[in-house]
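Structure assessment
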Amino acid sequence: MGDMSKMEVKTSLLDNMIGVGDMVLLEPLTEKSFIENLRKRFNHNEIYTYIGSVVISINPYRSLPIYTPDKVEEYRNRNFYELSPHIYALADEAYRSLRDQDKDQCILITGESGAGKTEASKLVMSYVAAVCGKGAEVNQVKEQLLQSNPVLEAFGNAKTVRNDNSSRFGKYMDIEFDFKGDPLGGVISNYLLEKSRVVKQPRGERNFHIFYQLLSGASEDMLKKLKLERDFSKYNYLSLDSATVTGVDDASCFRTVKNAMQIVGFMDDETQSVLELVGAVLKLGNIEFKPESRVNEVDESRVKDKNELKEICELLGIDQSVLERAFSFRTVEAKQEKVSTTLNVAQAYYARDALAKNLYSRLFTWLVNRINESIKAQTKKRKKVMGVLDIYGFEIFESGENSFEQFIINYCNEKLQQIFIELTLKEEQEEYIREGIEWTHIEYFNNSVICDLIENNTNGIMAMLDEECLRPGTVTDSTFLEKLNQICADHQHFESRMSKSSKFLNDHSLPHNCFRIQHYAGKVLYHVDGFVDKNNDLLYRDLSQAMWKANHSLIKSLFPDGNPAKINLKRPPTAGSQFKASVATLMKNLQTKNPNYIRCIKPNDQKASHIFTDSLVCHQVRYLGLMENVRVRRAGYAFRQPYEACLERYKMLCKQTWPHWRGQARDGVEVLLKDLQIPAEEYSYGRSKIFIRNPRTLFSLEEQRKRRLHGLATLIQKIFRGWKARTHFLLMKSSQVTVAAWYRRYAQQKKYKKTKSSAVIVQSFIRGWKARKILRELKYQKRCKEAVTTIGAYWHGTQARRELRCLKEEARNRRAVTVIWASWQGTKARRELRCLKEEARNRRAVTVIWASWQGTKARRELKRLKEEARCKHAVDVIWAYWLGLKVRREYRKFFRAHAGKRIYEFTIQRIIQKYFLELKNKMPSMSPCDKTWPARPYLFLDSTHKELRRIFHLWTCKKYRGQFTDQKKAIYKEKLEASEIFKDKKALYPSSVGQPFQGDYLEINKNPRYQKLNSLVEEKIIFADIVNKINRANGKGAQRIFLLTKNKFMLADQKSGHQVKSIVPLAELTSVSMSAQSDGFFALRVKEGTTAAAKGDFLLNSERIIEIITKLHRAGLDLTKEKIQIEITDEFLVQFKQDKVCVKFIQSNPKNGTMASCKRKNNRLLEVTVPSP
Ligand SMILES: Nc1ncnc2c1ncn2[C@@H]1O[C@H](COP(=O)(O)OP(=O)(O)OP(=O)(O)O)[C@@H](O)[C@H]1O
Ligand SMILES: [Mg+2]
């Protein structure tokens, strides 16, 4: 059953109906049944009833729980007839066809004052706001649109006898949507505010809410700023008899209004200005005038208490004198002439009230415009529009105090009724045509005659009023009535005492200064008093100019006509013609939109819930033409429904369509209706809908459906019960079988288990017995085996132990022998050792004693010998002394004085003589190389000895040199030179010292091989030898003959022996380079630019490098008197043709012999490897 509740239940308007939800289905259709139906529904809180797509709403005068968010969800996206009638269904229908079908909509709400139009309009707006798009921006727009209502209601609504919150202005609001159905903004149009209420209210009514709200709700501070007092009674414009409305808290309303103004977008200073103006209007009412007689007998008024005037002027920033003057004088301008007349007291009061009314009504218009500015859609894109019209309701004061305002209000309602008639009929007709149904015209009352009576341009009441107002001469309300009497007397909807139709002459209910119009909603008696004035809506120019001069931006902007620069002498359009024009525009606008009607009905005059006054409702039903509406709706066909919906609802009434119809819905409906034998004239097939002529048919269908539903329910019940019982039975049966099976199984199992366990027990006993027997035997055998083993073991053990004992005894004995032997040996050894040690000690002691004895003996001997020697020496010395003494004594007589010195000198002389003689004999050889020299005999001759040696050496050298020939001298000179150049510089030098410089090693002039070469060289050859010339390209050597003369050197081919390779004059030789190593490489550098330099420098290798270089040096010096530069370094540059090549000498262990070798590494480096020493 849970699933059932989840299933979507298709409901219909026809379900759970209280009375009939749609009046079209009312049967029989009489006024009585109509009212009865409404009452029945009203008593069950069903305040909404349909007439087709029109919603009738009866004011419940209490809040009903039918506007909750749940209800909104319930009605959202549901078809109009799907749920019970509700204003939300209409709003949803309108919104969806706006959004989905792109049709602009208007919602026309009509009904008399207090019927609930304003509430209905708010419900529609709030529903649309709830279902349309969401989002921060959209929500703000919605909020602004909704919040415009409290602001306008505060300023434009008032408590009247009919309605505590009666709209005193007409309001039409266009809500604009984008293509998605999100609201974009809105535009409000207002229609003629009932401004006379500002200065005077009928008995039991109040002024506009805002006055009371301001005084009750404003803070003390604000009141002080506005120079107001909280007490209502202080203000003449506020009627006192009904200053408070029950159930309404003006103070909290004031806060709501202020908050709403803020949400709508009023700036704080704007709100303040608005309230200042409201305060000013209140205070204006307190200005009083007193007459003052003047000389020329003309009455002139004066302001009684100037304090109030002063405060107003302060509040509005007006110069007090200007305003005071405007209340006392009136300037009339005509053709550039200005005439100023004084005002009497009555005129002054009139001027004051006119100012108050104008101020308030202009403020109201400004408010509407200001709200429009805020709620204006921010886009220029195409918009879809939903218009909501909430106009003041039809109004009749039974007391007959109906005036110009009521006339205007009722005219407006008349126009709305007309458009309702036109559009409903049109729509109805169009539907028949659309659906292809034959249409027969239906009679209904058309109120266009009444509209014509009022608005006709030539003889309409409004035209005449305008005419009267514009007419020169004295114009009063009675002249206007006279005119009406003349022109309209014949009109069937117009009545007056003076009308020509005599039938009214007897009508005493018609006072003299009145006329009566038979409106669609009833007869209304209008008092002509004030018609002309109110239509003229005159404000003396002095006052508007005074207002324009105000130092208050809002008030200044309200009175642009007060600007003297823009004086317009033309009369402004009258209030009536203005209203007529705006109503005409509104009607045109409404005609372009798809209308949706809400017809509001007031159930009683007491504003009480639960009271349903038949007569009152009947009256409204009549004038609203609701019966006609139903009739028109039913004229053709009372009921229509799309085929799909119809088939879905009634398909159970026919076998072919129940439970499923597979074909087209229309064919299904046809089959259904034929099967039900409904007479063919009772229905018609439209294109998409079935039309049912008589409600009875529908009800009979409904009745049959209900019965059928009962039958179906019974059938379903029957089948379900059968199914349930059968299922239960089958379940029981199968359960019984299962239980039996299980039981049998259980019993068998039990028996089996018992038998099995008995068998097992018997078996186990037998097995036990057998086993025990075997066990016993086995145990016996085992014991025997164990006994044998044990005995054997004991025997073996005994044997073993015995043997072990023997072995141990034996071993012990053997060990004892060994130990005894060892200890004996040890004792013997120790004893021997002791003996040996004793012996050794004794021997050492003997030695030591011997040695010490010997030492003692030796020392004693030494001492003795020393003593002996000393004695001998002493004897010798003494003896010598003695001899000396004896000699001296003997020879003293032979010596003279100072003979000692002479003896000494003689002795020295003798010694030196002896020294020289000895030296002469021991002289070394004459060779300068002989370094031997005799030893020095006496120390004091040391320096002499050395000097003699030196002199001897020099002398031998001189002697040696003296033997030299000139040739030998030259050779030594050369050697000397070589020493200067190379000593301690080149490692090869020491080895060359011993070799004599031969010069011409090749013996050029002797050797016949070199005969030719010799003939080529004219000069004397200083040097000739074979040298190695280093190939510049690869560093390999080639043998060449090197010849040096005193002017040049030459290189010749060694093989041929005569071919000269190069000749270089010595003057062109700049320097020679070589290493400090023991190699023979050297480079001869040639002066740049000379012919010899063409091939570059020469790199040669010769063992006789020392000789060659020395000879080159000598020859160069002789030739040029300049020394050839000799560079000794291990790394130098040589010029080979264009390249400069570095020759680098490195030491390494020779690989191939002890020769230095040369190798070209790259085009920049030539490496010479020299064997390390
Ligand atoms: N649907 C409703 N639910 C509860 N109360 C309602 C409802 N409709 C109207 N009323 C009550 O009736 C009063 C009058 O309604 P409302 O102001 O809408 O009348 P109206 O038709 O606009 O009258 P008027 O023509 O004077 O402006 C409301 O203040 C409210 O108290
Ligand atoms: Mg209203």
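All of the points below concern the structure found in this document.

Rules of the game
- The written sequence of each chain sets the order in which its residues are numbered from 1.
- Following the order in which they are written, the chains are lettered starting with A and the ligands numbered starting with 1.
- Local features are withheld for residues below a pLDDT of 70 in this predicted model, meaning they are given only at 70 or higher, and side-chain atom pairs are given and counted only at 80 or more; totals for whole chains, interfaces and linings count all residues.
- Neither water nor hydrogens contribute to the side-chain values; these are computed over all heavy atoms in the structure.
- Centre distance within 6.5 Å is the pairing criterion for rings of Phe, Tyr and Trp, where only the six-membered ring of Trp is used; planes under 30 degrees apart are then read as stacked, over 60 as edge-to-face, and the remainder as tilted.
- Working definition: helices are DSSP H or I runs of at least four residues, strands are E runs of at least two. Numbering for both runs from the N terminus.
- Only protein chains enter the calculation, and the probe is 1.4 Å; a residue is then buried if its accessible area is under 20% of its type maximum, exposed if over 50%, and partly exposed in between.
- As a rule, N, O and S atoms within 2.8 Å of a metal are its donors, except that Na, K and Ca use 3.2 Å; water is not among the atoms, so sites may look incomplete.
- Throughout, an axis means a line fitted to C-alpha atoms (over the contacting stretch in the case of helices), and angles, computed between N-to-C directions, take values from 0 to 180 degrees.
- Roughly parallel refers to an angle under 35 degrees, roughly antiparallel to one over 145, roughly perpendicular to one between 65 and 115, and oblique to any angle outside these ranges.
- Note on convention: near helix rotated counterclockwise from far helix by under a right angle means a left-handed crossing. Clockwise means right-handed.
- A contact between two residues is defined here by any heavy atoms of the two lying within 4.5 Å.
- Lys, Arg, Asp and Glu make up the charged group, whereas Ala, Val, Leu, Ile, Met, Phe, Trp, Tyr, Cys and Pro make up the nonpolar group; the residues left over, Gly among them, are polar.
- Whenever two N or O atoms come within 3.5 Å, that pair is a polar contact, provided that in protein one can donate a hydrogen and the other can accept it, and provided that, for residues adjacent in sequence, both atoms are side-chain atoms.
- If even one non-hydrogen atom of a residue comes within 4 Å of a molecule or strand, that residue is called near it.
- Patch definition: residues with relative accessible area over 30% and no salt bridge; like charges joined within 9 Å; nonpolar side chains (Val, Leu, Ile, Met, Phe, Trp, Tyr) joined within 5 Å.
- In short, Shrake-Rupley with a 1.4 Å probe defines the accessible areas, and a residue's cover is counted only from the protein chains shown.
- In the sections that follow, a salt bridge refers to a side-chain nitrogen of Lys or Arg positioned within 4 Å of a carboxyl oxygen of Asp or Glu.
- Within this scheme the basic residues Lys and Arg register as positive and the acidic residues Asp and Glu register as negative, but His and the chain ends are omitted.
- One atom stands in for each charge, and that atom is NZ of Lys, CZ of Arg, CG of Asp or CD of Glu.

So, the packing of aromatic side chains
- Taken as a whole and judged by the stated rule, the model has 41 aromatic pairs.
- The interplanar angle of 45° and the centroid separation of 5.7 Å between the aromatic rings of Tyr-432 and Phe-691 together place this pair among those described as tilted. Taken together, the residues span a long stretch of sequence, with Tyr-432 in helix 15 (residues 404–435) and Phe-691 in strand 19 (residues 689–692) at a distance of 259 residues.
- We classify Tyr-432 as buried; its relative accessible area is 0%.
- For Phe-691, a relative accessible area of 0% translates into the label buried.

Comments concerning the coordination of the magnesium ion (ligand 2)
- For the magnesium ion (ligand 2), every protein donor is listed as Thr-118 (OG1) and Ser-167 (OG), and the spread of their distances is 1.9 to 2.1 Å. Note that Thr-118 is positioned in helix 5 (residues 117–131) and Ser-167 in strand 5 (residues 166–167), a separation of 49 residues in sequence.

Points about the packing of helix 4 (residues 87–101) against helix 5
- Close contact between helix 4 and helix 5 brings their axes to 9 Å; oriented N to C, the two are set at 55°. Between helix 4 and helix 5, the interaxial angle falls into the category oblique. The crossing of helix 4 and helix 5 is right-handed. Facing helix 4, whose interface residues are Ile-87, Tyr-88, Ala-91, Asp-92 and Tyr-95, helix 5 presents Ala-120, Leu-123, Val-124, Tyr-127, Val-128 and Val-131.
- Residues that form the contact of helix 4 with helix 5 fall into these classes: 10 nonpolar, no polar and one charged.

Looking at the packing of helix 8 (residues 209–217) against helix 10 (residues 250–264)
- Running from N to C, helix 8 and helix 10 point in directions that differ by 100°, and their axes come no closer than 7 Å. The angle between helix 8 and helix 10 places the two elements in the roughly perpendicular class. From helix 8, Tyr-212, Gln-213, Leu-214, Ser-216 and Gly-217 reach across to helix 10, where they touch Asp-250, Ala-251, Cys-253, Phe-254 and Val-257.
- Here the contact of helix 8 with helix 10 is composed, by residue class, of six nonpolar, three polar and one charged.

So, the side chain of Glu-308
- Along the chain, Glu-308 turns up in helix 12 (residues 306–316).
- Residue classification places Glu-308 among the buried residues on the basis of a relative accessible area of 16%.
- Of the polar contacts made by the side chain of Glu-308, one reaches the side chain of Lys-283; its length is 3.1 Å.
- What Glu-308 contacts, discounting residues up to four positions off in sequence, is Lys-283, Asn-286 and Ile-287.

Some thoughts on helix 24 (residues 626–636)
- Taking burial as the measure, the 11 residues of helix 24 include eight buried ones, the bulk of the element.
- If you check which residues of helix 24 are buried, you get Leu-626, Met-627, Asn-629, Val-630, Val-632, Arg-633, Arg-634 and Gly-636.

Let's talk about the site of ligand 1
- Around ligand 1, the structure places 19 residues, and the nearest of them are Asn-59, Ser-113, Lys-117, Thr-118 and Ser-166.
- Within the side chain of Asn-59, an N or O atom sits 2.7 Å from an oxygen atom of ligand 1.
- Contact between ligand 1 and Tyr-67: a nitrogen atom at 3.1 Å from a side-chain N or O atom of the residue.
- Contributions of two or more residues to the shell around ligand 1 are made by helix 5 and strand 5.
- Considering each element in turn, the shell around ligand 1 owes the most residues, three residues, to helix 5.
- Grouping the constituent residues of the shell around ligand 1 by class yields five nonpolar, 10 polar and four charged.

Some details on a positive patch on the surface
- A contiguous patch of positive charge, built from Lys-1055, Lys-1061, Lys-1095 and Lys-1137, is present on the exposed surface.
- Position of Lys-1061 relative to the elements: it lies in strand 23 (residues 1060–1065).
- A relative accessible area of 37% means that Lys-1061 is categorised as partly exposed.

Side note on the side chain of Arg-41
- Mapping Arg-41 onto the fold places it in helix 2 (residues 31–43).
- What makes Arg-41 buried here is its relative accessible area of 1%.
- Of the polar contacts made by the side chain of Arg-41, one reaches the backbone oxygen of Ile-18; its length is 2.8 Å.
- With residues near it in sequence (within four places) discarded, Arg-41 still touches Ile-18, Val-20, Gly-21, Glu-46, Tyr-48, Thr-49 and Pro-85.

Details of the pattern of salt bridges
- Taken as a whole and judged by the stated rule, the model has 67 salt bridges.
- As a salt-bridge pair, Lys-523 and Glu-495 come within 3.7 Å of each other at their nearest N and O atoms. Linking Lys-523 in strand 15 (residues 522–527) with Glu-495 in strand 13 (residues 494–496), this pair joins segments that are 28 residues apart in sequence.
- On the accessibility criterion, Lys-523 (46% relative accessible area) is partly exposed.

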